[in-house]
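Below, each chain spelled out in residue letters.
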Amino acid sequence: MTATLEVSDGVGTILLDRPPMNALDVATQDRLRELAEEATRRDDVRAVVLYGGEKVFAAGADIKEMQAMDHTAMVVRSKALQDSFTAVARIPKPVVAAVTGYALGGGCELALCADFRIAADNARLGQPEILLGLIPGAGGTQRLARLIGPSRAKDLIFTGRHVKAEEALTIGLVDRVVPAAEVYEQAHAWAAELAKGPALALRAAKESVDAGLETDIDTGLTIERNWFAGLFATEDRERGMRSFVEEGPGKAKFL
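Residues numbered from 1 in each chain as written. Predicted model: local features only at pLDDT ≥ 70, side-chain atom pairs only at ≥ 80, totals over all residues. Heavy atoms only, no water.

A. Structural detail: a nonpolar patch on the surface. Where nonpolar side chains cluster on the molecular surface, the patch consists of Ile-63, Leu-132 and Leu-134 and spans about 260 Å² of accessible area. By the secondary structure assignment, Leu-132 is in the loop between strand 7 (124-126) and helix 5 (140-148). (Patch = residues over 30% accessible without salt bridge, like charges linked within 9 Å, V, L, I, M, F, W, Y side chains within 5 Å. Areas by Shrake-Rupley, 256 points an atom, 1.4 Å probe, with all protein chains shown as cover. Salt bridge = Lys/Arg side-chain N within 4 Å of Asp/Glu carboxyl O. Helix = DSSP H or I, 4+ residues; strand = E, 2+ residues; numbered from the N terminus.)

In structure tokens:
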């Protein structure tokens, strides 16, 4: 297996396992889609961590495999490539990327599919596809620009340069930088805390933000309003409000 899904404390860890650099070949891309769909279906998975192991998150696509593809082959493959990453981005649960070492090209694009990114202090991120005469093809031109803004995204995409963890934090590419030995522990702990929350409300929040970013403000407000009103039909809403009234804020226990 090039990737696995392991579950503990309500957290499903999608672990890349393709030594030495977790190059994202076709088999790994397809496996990521399968695991994202499994994490979406499983009730015991309430949050997800994306992890490449202690040394490297993912150093990018398998260049030797790509070199053998012609235009026709990539026309066919590029949609499946994007679909795999989109499946990760659309997991309707909180997703945290635990980034160690290199997260380049497809590896950076995979991290962009998460809701939060915790990076090791030795991490390096970037979109170096331009150095191959290409552009990012797994969502990098779109998700990166939405995350850090078009000018900063163009800087990284046009130059292909790597950014160290501290610069990535400064420009908003990652959300937290921690010692390398603590990356997975902190990502899992954060995900486990989120996993205790109301599952449907978390889904509503994620879909409202993500869908709202793709449309105009009025449509986004409609999406928010529909989810907000719909949550009044849930047991979690009843439980949360009852706990607030009877015990005070922040003490509700959700199933």
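Moving on from the coordinates now.
B. Structural detail: the packing of aromatic side chains. Following the criterion strictly, the structure yields three aromatic pairs and no others. Between the aromatic rings of Phe-116 and Trp-190, the centroid separation amounts to 4.4 Å while the plane-to-plane angle is 35°, which identifies the pairing as tilted. Taken together, the positions of Phe-116 in strand 6 (residues 116-120) and Trp-190 in helix 8 (residues 183-195) put the pair 74 residues apart, joining distant regions of the chain. For Phe-116, a relative accessible area of 26% corresponds to the partly exposed category. (Phe/Tyr/Trp six-rings, centres within 6.5 Å; stacked < 30°, edge-to-face > 60°. Buried < 20%, exposed > 50% of the residue type's maximum accessible area, 1.4 Å probe, protein only.)

C. Geometry of helix 9 (residues 199-213). Along its 15 residues, helix 9 runs 21 Å from first to last C-alpha, staying within 8% of the 21 Å computed at 1.5 Å per residue. For helix 9, the complete set of buried residues consists of Ala-204, Lys-206 and Ser-208. Where helix 9 is buried, its residues contact helix 3 (71-89), strand 4 (95-99) and helix 10 (217-230). (Expected span 1.5 Å × (residues − 1). Contact = heavy atoms within 4.5 Å.)

D. Local environment of a negative patch on the surface. Taken together, the side chains of Asp-121, Glu-166, Glu-182 and Glu-185 present a region of like negative charge at the surface. Position of Glu-182 among the secondary structure elements: in the loop between strand 9 (176-178) and helix 8. (Lys, Arg positive; Asp, Glu negative; His and termini not counted. Charge placed at Lys NZ, Arg CZ, Asp CG, Glu CD.)

E. Highlighting the nonpolar core. Judged by nonpolar contacts, the single largest core of 45 residues is most densely connected at Leu-50, Phe-57, Val-99, Leu-125 and Leu-173. Top element by residues in this core is helix 3. It accounts for five residues. Within the second largest apolar cluster, 15 residues are counted, among which are Val-11, Tyr-51, Ala-187 and Ala-191. (Core = buried A, V, L, I, M, F, W, Y, C linked by side-chain atoms within 4.5 Å.)

F. The pattern of salt bridges, seen in detail. By the definition in use, this model includes 15 salt bridges. With a closest N to O distance of 2.8 Å, Asp-155 and Arg-161 form a salt bridge. Exposure remark for Asp-155: the relative accessible area of 31% places this residue in the partly exposed category. Owing to a relative accessible area of 29%, Arg-161 belongs among the partly exposed residues under this scheme. Because the salt bridges share partners, they merge into one network encompassing Arg-18, Asp-25 and Asp-62.

G. Up close: the pairing of strand 2 (residues 11-16). Counting buried residues along strand 2, six of its six residues qualify, which places the element largely inside the surrounding structure. Direction of pairing for strand 1 (residues 3-8) relative to strand 2: antiparallel, over a ladder of six bridges. The partner of Leu-5 across the bridge, within strand 2, is Ile-14. Between strand 1 and strand 2, which pair antiparallel in sequence order, lie two residues; one of them, Asp-9, sits at a positive phi of approximately 55°. As paired strands, strand 2 and strand 3 (residues 47-51) are joined by five bridges and run parallel to one another. Across the sheet, the residue bridging to Ile-14 is Leu-50, located in strand 3. (Pairing = 2+ DSSP bridges.)

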